[in-house]
There are 2 protein chains.
Amino acid sequence: MNTDMDKGAQVLKLLGDRTRLTMMKILESQDCCVCEFTAIFNLSQPAVSQHIRKLKDARLVTETRRGQWVFYSLNKDTEDYPLVRDILNHFPGQAGRLKELEQQGLRIFCD
Amino acid sequence: MNTDMDKGAQVLKLLGDRTRLTMMKILESQDCCVCEFTAIFNLSQPAVSQHIRKLKDARLVTETRRGQWVFYSLNKDTEDYPLVRDILNHFPGQAGRLKELEQQGLRIFCD
DNA sequence: TCATCATATAAGAATATACTTATATATTCA
DNA sequence: TGAATATATAAGTATATTCTTATATGATGA
């Protein structure tokens with residue numbers, strides 16, 4: 001509640017892009033790395049990195065390196081998260097996008 | 001629930017602007033006309049009209065002419081409204097902006 | 001160490017956005 | 001009808017956004 005108008009508008013602008021909105025919705029269900037997003041969206045790897053950079057700069061996502069890969073997660077520890085959560089709740093789950101990847105053998109599993 | 005990603009991203013992009021977001025929040029409490037918005041925001045009248053046009057084109061607001069003035073209202077009869085409502089709930093009320101206008105004698109009352 | 005894979009950054013181009021000023025349209029009222 | 005007021009549209013400009021390709025950085029494993 002009571003998010004500042006300017007900061008809030010900034011968050012909305014970031015989510016106001018089909019690619020970033022879908023990324024966030026995917027991250028809602030599972031962590032994901034750049035190469036997976038690159039396989040999901042019909043976009044170059046730099047384009048994906050640049051979208052993620054914006055989300056990261058706004059602290060909407062956090063990153064964790066796991067070996068060769070950098071995995072991204074929703075950042076639930078920010079004052080913007082309640083707004084983000086409420087927004088994402090209005091959109092259909094995107095787990096299917098990851099399922100497709102898995103069937104194509106493109107899903108990254110590591111531990 | 002289950003707003004289409006593309007349409008939803010478009011709505012978020014429209015709200016992802018300080019001016020339009022504040023307009024929508026103001027409209028949440030009362031209908032308003034262009035000249036009032038022009039007094040509230042430090043913007044030219046055409047700039048205000050152009051912002052409203054976008055909101056109107058997306059059917060987020062509706063217009064009603066009352067004599068000389070055109071009043072705008074939140075459109076609650078659209079599939080996007082639940083998303084809009086949930087978003088606006090995260091922001092502080094902007095009734096103060098209208099109160100200031102009233103004190104300056106700039107508030108439009110008609111009927 | 002060197003080749004490979006994943007990711008990030010830089011630079012440039014096409015397009016979109018948000019203003020401005022000038023002007024057109026619509027309504028009111030003397 | 002004609003002046004005044006409210007709003008919309010047009011045209012132009014500055015800046016922001018989102019891609020692309022080329023290249024740099026970082027980690028892995030033979």
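Scroll up for the structure.
Attention here is on the structure that accompanies the text. Everything numeric in this text was worked out from a predicted model, so none of it was measured.

Let us now look at the nonpolar core. By size, the foremost hydrophobic cluster in this structure holds 64 residues, and its most contacted members are Met24, Phe37 and Ile87 of chain A together with Met24, Phe37 and Ile87 of chain B. Apart from the residues lying within four places of it in its own chain, the contact partners of isoleucine 87 of chain A are Leu12 and Leu15 of chain A together with Leu12, Leu83 and Ile87 of chain B.

Residues and elements named next belong to chain A. Structurally, the position occupied by glutamate 36 is in helix H3 (residues 34-40). Only 3.1 Å separates the side chain of glutamate 36 from the backbone nitrogen of cysteine 33, close enough to count as a polar contact. Of the polar contacts made by the side chain of glutamate 36, one reaches the backbone nitrogen of isoleucine 108; its length is 2.9 Å. With sequence-adjacent residues up to four places away left out, glutamate 36 is seen in contact with Asp31, Phe71, Leu101, Leu106, Arg107 and Ile108.

Moving on to the sheet that holds strand E3 (residues 69-74) of chain A. One open sheet accounts for 3 strands, arranged E1-E3-E2 (chain A); its pairing is antiparallel. Here the strands that pair on one side only, and so sit at the sheet edges, are strand E1 (32-33) and strand E2 (61-66) of chain A.

Attention shifts here to the pairing of E3 of chain A. Side chains on a regular strand alternate between the two faces of the sheet. Residue and element names in this part refer to chain A. With respect to burial, E3 is a largely interior element, 5 of its 6 residues being buried. Sheet analysis places E1 next to E3, joined by 2 bridges and oriented antiparallel. Its bridge partner lying in E3, cysteine 32 is registered against tyrosine 72. Two strands pair when backbone bridges link them, and E2 and E3 are joined in this way by 6 bridges, in the antiparallel orientation. By the bridge assignment for E3, arginine 66 is matched with tryptophan 69. Taken together, E2 and the strand that follows it, E3, pair antiparallel across an intervening segment of 2 residues, in which glycine 67 is found at a positive phi of about 60 degrees.

So, on to the protein's contact with DNA strand D. Around DNA strand D sit 26 residues, and of these Ser44 and His51 of chain A together with Cys35, Gln45 and Tyr72 of chain B come closest. Glutamine 50 of chain A places a polar side-chain atom, nitrogen or oxygen, 3.2 Å from a base oxygen of DNA strand D.

Further remarks concern the packing of aromatic side chains. One pass over the structure, following the stated rule, counts 2 aromatic pairs over all chains. A cation sits over an aromatic face here: arginine 66 of chain A above phenylalanine 71 of chain A, 4.4 Å from the ring centre.

Residue and element names in this part refer to chain B. Compared with the 18 Å implied by 1.5 Å per residue over 13 residues, the 18 Å span of helix H4 (residues 45-57) between its first and last C-alpha is a close match. Buried within H4 are the following residues: Ala47, Val48, His51, Ile52 and Leu55. Buried positions in H4, seen along its axis, are confined to an arc of 130 degrees and lie on one side of it. Across H4 from its buried face, at more than 90 degrees, point the exposed residues Gln50 and Asp57. Those residues of H4 that are buried lie in contact with helix H1 (5-15), helix H2 (18-29), helix H3 (34-40), strand E2 (61-66) and strand E3 (69-74). Positive backbone phi, approximately 65 degrees, marks arginine 59, located one or two places after H4.

Below, the discussion takes up the sheet that holds E2 of chain B. All names here are of chain B. In spatial order, the strands read E1-E3-E2; together these 3 strands make up an open sheet with antiparallel pairing. At either margin of the open sheet sits one strand with a lone partner, and together these are strand E1 (32-33) and E2. Across the face of the sheet, H4 comes into contact with E2 and E3 while running at roughly 120 degrees to E2.

Now for the protein's contact with DNA strand C. Residues in contact with DNA strand C amount to 26 residues; listed here are only the nearest, Cys35, Gln45 and Tyr72 of chain A together with Ser44 and His51 of chain B. Within 4 Å of the protein, the contacting atoms of DNA strand C are drawn from sugar and phosphate to the extent of 66%. Between DNA strand C and glutamine 50 of chain A, the relevant distance is 3.3 Å, taken from a base nitrogen to a side-chain nitrogen or oxygen of the residue. Here arginine 20 of chain B contributes a side-chain N or O atom positioned 3.1 Å from a phosphate oxygen of DNA strand C. Of all the secondary-structure elements, those providing two or more residues to the surface near DNA strand C are H3, helix H4 (45-57) and E3 of chain A together with H4 of chain B. Broken down by class, the residue content of the surface near DNA strand C amounts to 10 nonpolar, 9 polar and 7 charged.

Analysis parameters
Residues numbered from 1 in each chain as written. Chains lettered and ligands numbered in written order. Predicted model: local features only at pLDDT ≥ 70, side-chain atom pairs only at ≥ 80, totals over all residues. Heavy atoms only, no water. Core = buried A, V, L, I, M, F, W, Y, C linked by side-chain atoms within 4.5 Å. Buried < 20%, exposed > 50% of the residue type's maximum accessible area, 1.4 Å probe, protein only. Contact = heavy atoms within 4.5 Å. Helix = DSSP H or I, 4+ residues; strand = E, 2+ residues; numbered from the N terminus. Polar contact = N/O pair within 3.5 Å; in protein donor to acceptor, adjacent residues only side chain to side chain. Pairing = 2+ DSSP bridges. Near = heavy atom within 4 Å. Phe/Tyr/Trp six-rings, centres within 6.5 Å; stacked < 30°, edge-to-face > 60°. Lys NZ or Arg CZ within 6 Å of the ring centre and 35° of its normal. Expected span 1.5 Å × (residues − 1). Arc of directions from axis to C-beta. Axes fitted to C-alpha atoms, helices over the stretch in contact; angles between N-to-C directions. Nonpolar A, V, L, I, M, F, W, Y, C, P; charged D, E, K, R; others polar.

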